There are 2 protein chains.
Amino acid sequence: MKKQGLTAPAGFLASGVQAGIKDLGSKDLGMISCPQGAKAAGVFTTNAVVSAAVEVCRENLACAKCFGVVVNSGVANACTGKKGLSDARSMCREAGKALKADQGAMLVASTGVIGRKLPMDKVRSGIRTCADLLSDSQEAARDFAEAILTTDTVSKQHTETVRISGKEVTIAGAIKGAGMIAPNMATTLCFLTADAAISKRLLQKALREAAGESLNKLTVDGHQSTNDTALLLSSGKAGNAPISRPKSPDYKKFYETLLSVCRNLTRQMALDAEGATKIFKVEVSGAVSKKDARKAARAVADYDLVKCAINGSDPNWGRIICAIGSCGAKVNVDNITCRLGRLTVFRSGRPVKFDKKRAEEIVSQKEHTILIDLGAGSGSDFCWGCDLSKKYVEINADYHT
Amino acid sequence: MKKQGLTAPAGFLASGVQAGIKDLGSKDLGMISCPQGAKAAGVFTTNAVVSAAVEVCRENLACAKCFGVVVNSGVANACTGKKGLSDARSMCREAGKALKADQGAMLVASTGVIGRKLPMDKVRSGIRTCADLLSDSQEAARDFAEAILTTDTVSKQHTETVRISGKEVTIAGAIKGAGMIAPNMATTLCFLTADAAISKRLLQKALREAAGESLNKLTVDGHQSTNDTALLLSSGKAGNAPISRPKSPDYKKFYETLLSVCRNLTRQMALDAEGATKIFKVEVSGAVSKKDARKAARAVADYDLVKCAINGSDPNWGRIICAIGSCGAKVNVDNITCRLGRLTVFRSGRPVKFDKKRAEEIVSQKEHTILIDLGAGSGSDFCWGCDLSKKYVEINADYHT
């Protein structure tokens, strides 16, 4: 079996250590290094309140070549004012010093409790240890994937390869945590490495679009946190003919592979969401526009009553129709048809007699699809959601700040 | 003590009976009659999918004088196609026949399970019984208030009086159910009676604005159902000088009293919401516009993580700030200040050291206020929410369609 994880693409080293930022005694500081530099792309939360790391990352992404990423878990460094911003810059400076790179060529991410300051002594010494431990081994990639976790129950990685202009290109990713988490966590971080030769502009385009069709299609509790970040670094070491045109078959191959990696990671994240026991996909077709289809899909996936029904394996189409009606999309109930998997439960505005037992079996599955045809146009889109369980409320109500 | 309930204003009779629409064996059909006619106003759900009763009510509100309202609980008559529409019209016809009024002068409302058809034989015979039992007694008003309930645990009424041009004007209301309810219920109905002499145009204006500042300020699970309806009838029997100008002190008095009745009913409804143990008010000031303030207040009140935290009596300001950041309003975190009651927990973008015990006491209360100053302008607005409990998930997950 081939090497898995962020060190699988050529040109990357990784490490993860326990720096003492978390009280729990697990790994909490990770580093990715690309000694010969890599092109970098990033997408961030749309929340108007962002962490210090997100601010610094946005600035530093302008660099022509990135030489490394430093990430801490346990403290989100969000809502921490000017001190927080200077701490995020210090992380870049310290990592740059250890990797003999300019601090402006370093990227940084944080995840954890909002409003708490970073213990900078521990962070600095952790960064130095991380730099010492950098390795291109599979174990090093796993250490990094573990260091970024907060209340996730498992580390989540995925790796794929694709042939581009006769060369094998590898894309790998590690992801953490869906669901804003008690006491007040700031959540999704996704790191991707690749060894394709590709222009910076196309790398950014590929990441933006792939995240749009994967990470941004999942809703756990309907909101983006202050820290959500996805970064993609590509070293160019695969030796493929550089990808520079968005319409080229090579770009398409790169994009499709990246998308597949992102979707796999998104699915892993959904199944590890707080209290989630199931995931479901909402596919909307027949909308007036893609935007309307997105609204409708998202409304169903976000609707607490649908999420509760799925938790209880109840094929409750009434709540689905109600969510659609209130989503703001242009709909005429007389044209709406709804299926659970292959089973039609509502057709042209009227309930259909269906096999309740079969419907319950469908909704009982670990994964199922809700298909909605709005019968109003040709716009379509989809969204993933997960169920709402008593465990979610327990995690988020019983834990105190 | 004065008479309470919908029969308190002069000119109204009411009744409520068990017609056998619900399986549960409780009252499920109610009637209001105004033998000399009343001016009528109505506001309805913004859901694009509406019940048959909502469609018929919208048509019939055009009548100059309304002579009665008929309401059933147990079956929402929503998503029932053409048959549903003809059933809603039949309810008006049957009620009109019993009250010797035109069917176009009758209003109708339904609440209950979506997608189920009305048992019209039972409904028709129930309507005749209701007409026979009409009375202006307080008990008759209570019977009506009970007949409109679904999974509400208590009936909810409120009555107030105000002197207008030397005459005593009475405004009363009855309300049912907040929270879309298992298996797939369509929820809020509010009926108001008054005896003021007032123009139809101002009656509609007063109801629209009062509902906007009361019913529409409460969010239980963030969505409007297919059946939400508020109706206001005014008989003119108080003998006051007719209210015809929106700027007049008389209109203001009428409006303020109506608003007070609506707010009281809204509060009762919130405290009887599914699984709710507490209600909270989110007051936003310093927004760029009133619209932005509304968005922010609503985002906080709708945010599952805030609702869970309040359920657990956790003063979790991080989730409040995060909800504000993602609401789409124009915000700069460095200008945001947040208080729980009188206790400042976040000032100008930074957490403040506060007395945790005091904060927990505030959030433990049956009702508390979250105050947010966005520091960006002079727009302000508010919203009420209720907590999210394991009971809510239980009610909505464990009950099967």
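The structure presented is a predicted model; accordingly, all values stated were derived computationally and were not measured.

Turning next to the overall build of chain A. A count of helical and extended segments in chain A gives 11 helices and 16 strands. Compactness check: chain A gives a C-alpha radius of gyration of 22 Å against a globular reference of 21 Å for 401 residues, within 12% of the reference. Expressed along its principal axes, the backbone C-alpha trace of chain A runs to roughly 70 × 55 × 40 Å. Element-wise, carbon and sulfur atoms account for 48% of the exposed surface of chain A, whose accessible area totals about 14,500 Å².

Our focus in this paragraph is the pattern of salt bridges. One pass over the full model with this rule turns up 41 salt bridges over all chains. For the salt bridge of A:Asp121 with A:Arg124, the shortest nitrogen-to-oxygen distance reads 3.8 Å. Of this pair, A:Asp121 and A:Arg124 both sit in helix α3 (residues 120-133), 3 residues apart, which is roughly one turn of that helix. B:Lys205 is paired through a salt bridge with B:Glu209; the nearest N and O atoms lie 3.0 Å apart. Separated by 4 residues within a single helix, B:Lys205 and B:Glu209 lie in helix α5 (residues 200-212), roughly one turn from each other. Note on B:Lys205: relative accessible area 24%, which makes it partly exposed. Members of the salt-bridge network, linked through shared partners, are A:Lys27, A:Arg142, A:Asp143 and A:Glu146.

The next subject is the side chain of B:Ser51. Residue and element names in this part refer to chain B. When you line up the elements, Ser51 lands in the loop between β2 (29-44) and α1 (52-60). Of the residues examined, Ser51 reaches a relative accessible area of 1% and is grouped as buried. Apart from residues lying up to four places away in sequence, Ser51 is in contact with Ala76, Asn77, Ala78, Thr226 and Asn227.

All names here are of chain A. Within the UniProt annotation, "binding site: substrate" (unreviewed entry) is assigned to Thr150, Lys176, Thr187, Glu274, Asn396 and Thr401. You can see Lys176 is positioned in strand β6 (residues 167-176). The buried category is assigned to Lys176, whose relative accessible area is 1%. A polar atom in the side chain of Lys176 sits 2.9 Å from the side chain of Thr111. Tracing the sequence through the fold places Thr187 in the loop between β7 (185-186) and β8 (189-194).

Split into domains, chain A comes out as domain 1 (13-271) and domain 2 (279-398). For domain 1 of chain A and domain 2 of chain A, the distance between their C-alpha centres works out to 33 Å.

With that settled, the discussion passes to α5(B). Residue and element names in this part refer to chain B. With 13 residues, α5 should cover 18 Å at 1.5 Å per step; its first-to-last C-alpha distance of 18 Å lies within 8% of that length. For α5, the set of buried residues is Leu202, Leu203, Ala206, Leu207, Ala210 and Ala211. The buried residues of α5 occupy an angular sector of 155° when the element is viewed end-on, so they sit on one face. Taken together, the buried residues of α5 touch β2, β8 (189-194), β10 (229-234) and α6 (249-271).

Notably, A:Cys79 is not glycine yet its phi reads approximately 60°, a positive angle. Tracing the backbone shows A:Cys79 in the loop between β3 (66-75) and α2 (81-99). Looking at A:Cys79, the relative accessible area reads 6%, which means it is buried. Backbone geometry places B:Ser165, a non-glycine residue, at a positive phi of 40°. Mapped onto the secondary structure, B:Ser165 falls in the loop between β5 (156-164) and β6 (167-176). Assessed through its relative accessible area of 36%, B:Ser165 is described here as partly exposed.

Count 3.6 residues to each turn of an α-helix, and residues three or four apart come out pointing the same way. All names here are of chain B. Regarding helix α10 (residues 356-364), the residues found buried are Ala359, Ile362 and Val363. Along α10, the residues classed as buried sweep out an arc of 90° about the axis, all on the same side. Those residues of α10 that are buried lie in contact with α8 (304-311), β12 (337-340), β13 (343-347) and β15 (367-373). Where α10 begins, the side chain of Asp355 points an oxygen toward the backbone nitrogen of Lys357, at a separation of 3.1 Å.

Residue and element names in this part refer to chain A. Mapped onto the elements, Ser234 comes out in strand β10 (residues 229-234). One polar contact links the side chain of Ser234 to the main-chain carbonyl oxygen of Ala194, over a distance of 3.5 Å. Dropping the residues within four chain positions of it, Ser234 is found in contact with Phe12, Ala38, Lys39, Ala194, Asp195, Ala196, Ile198 and Leu203.

A few words now on the sheet that holds strand β15 (residues 367-373) of chain A. All names here are of chain A. With mixed pairing, the 7 strands of this open sheet are ordered in space as β9-β16-β11-β15-β12-β13-β14. Single-partner strands in this sheet number two, and they are β9 (218-219) and β14 (350-351). Contacting β11 (279-287), β15 and β16 (379-386), helix α8 (residues 304-311) crosses the sheet at an angle of about 130° to β11.

All names here are of chain B. With respect to topology, 7 strands assemble into an open sheet ordered β9-β16-β11-β15-β12-β13-β14, the strand pairing being mixed. Pairing within the sheet leaves two strands with one partner each, and these edge strands are β9 (218-219) and β14 (350-351). Lying over the sheet, α8 contacts β11 (279-287), β15 and β16 (379-386), oriented at roughly 130° with respect to β11.

Residues and elements named next belong to chain A. A complete count under the given rule lists 8 aromatic pairs over all chains for this structure. Pairing Phe382 with Trp384 gives two aromatic rings, centres 5.1 Å apart and planes at 80°, and the pair type is edge-to-face. Between the NZ or CZ atom of Lys356 and the centre of the ring of Phe354, over which it lies, the distance is 6.0 Å.

The subject of this paragraph is the pairing of strand β13 (residues 343-347) of chain A. Residue and element names in this part refer to chain A. Of all 5 residues that make up β13, 4 are buried, and the element is covered over most of its length. Relative to β13, strand β12 (residues 337-340) is paired through 3 bridges, and the arrangement is antiparallel. From the neighbouring strand, Cys338 faces β13, where its bridge partner is Phe346. Where β12 hands over to β13, the hairpin turn is made up of 2 residues, of which Gly341 adopts a positive phi near 55°. Looking at chain direction, β13 and β14 are connected through 2 bridges and run antiparallel. Its bridge partner lying in β14, Arg347 is registered against Arg350. In this antiparallel pair of consecutive strands, β13 and β14, the connection spans 2 residues, and Ser348 shows a positive phi of 50°.

Bringing the pairing of strand β5 (residues 156-164) of chain A into the picture now. All names here are of chain A. Relative to β6, β5 runs antiparallel, the two sharing 9 bridges. Within β6, the position partnered with Val162 by the bridge is Val169. Where β5 folds back onto β6 in an antiparallel hairpin, the turn is made up of 2 residues, including Ser165, whose phi is positive at roughly 40°.

Let us look at a positive patch on the surface. There is a patch of like positive charges on the surface, built from A:Lys82, A:Lys117, B:Arg350 and B:Lys353. One can find B:Arg350 in strand β14.

With respect to the helices and strands, the residue A:Asp302 is situated in helix α7 (residues 290-302). Distance in space between the C-alpha atoms of A:Asp302 and A:Thr150 is 23 Å, their sequence separation being 152 residues.

All names here are of chain B. Considering the arrangement of structural elements, one finds His368 in strand β15. Judged by its relative accessible area of 5%, His368 falls in the buried class. Taking the C-alpha atoms as reference points, His368 and Thr111, separated by 257 residues in sequence, lie 31 Å from one another. Residues contacting His368, with those up to four places away along its chain left out, are Ile279, Phe280, Lys281, Ile310, Ile362 and Val363.

Reading the values: rules and limits
- Residues numbered from 1 in each chain as written.
- Chains lettered and ligands numbered in written order.
- Predicted model: local features only at pLDDT ≥ 70, side-chain atom pairs only at ≥ 80, totals over all residues.
- Heavy atoms only, no water.
- Helix = DSSP H or I, 4+ residues; strand = E, 2+ residues; numbered from the N terminus.
- Rg over C-alpha atoms; globule rule 2.2 N^0.38 Å.
- Areas by Shrake-Rupley, 256 points an atom, 1.4 Å probe, with all protein chains shown as cover.
- Salt bridge = Lys/Arg side-chain N within 4 Å of Asp/Glu carboxyl O.
- Buried < 20%, exposed > 50% of the residue type's maximum accessible area, 1.4 Å probe, protein only.
- Contact = heavy atoms within 4.5 Å.
- UniProt positions renumbered as here; feature names shortened; annotations may be inferred.
- Polar contact = N/O pair within 3.5 Å; in protein donor to acceptor, adjacent residues only side chain to side chain.
- Domains from an automatic or database assignment.
- Expected span 1.5 Å × (residues − 1).
- Arc of directions from axis to C-beta.
- Pairing = 2+ DSSP bridges.
- Axes fitted to C-alpha atoms, helices over the stretch in contact; angles between N-to-C directions.
- Phe/Tyr/Trp six-rings, centres within 6.5 Å; stacked < 30°, edge-to-face > 60°.
- Lys NZ or Arg CZ within 6 Å of the ring centre and 35° of its normal.
- Patch = residues over 30% accessible without salt bridge, like charges linked within 9 Å, V, L, I, M, F, W, Y side chains within 5 Å.
- Lys, Arg positive; Asp, Glu negative; His and termini not counted.
- Charge placed at Lys NZ, Arg CZ, Asp CG, Glu CD.

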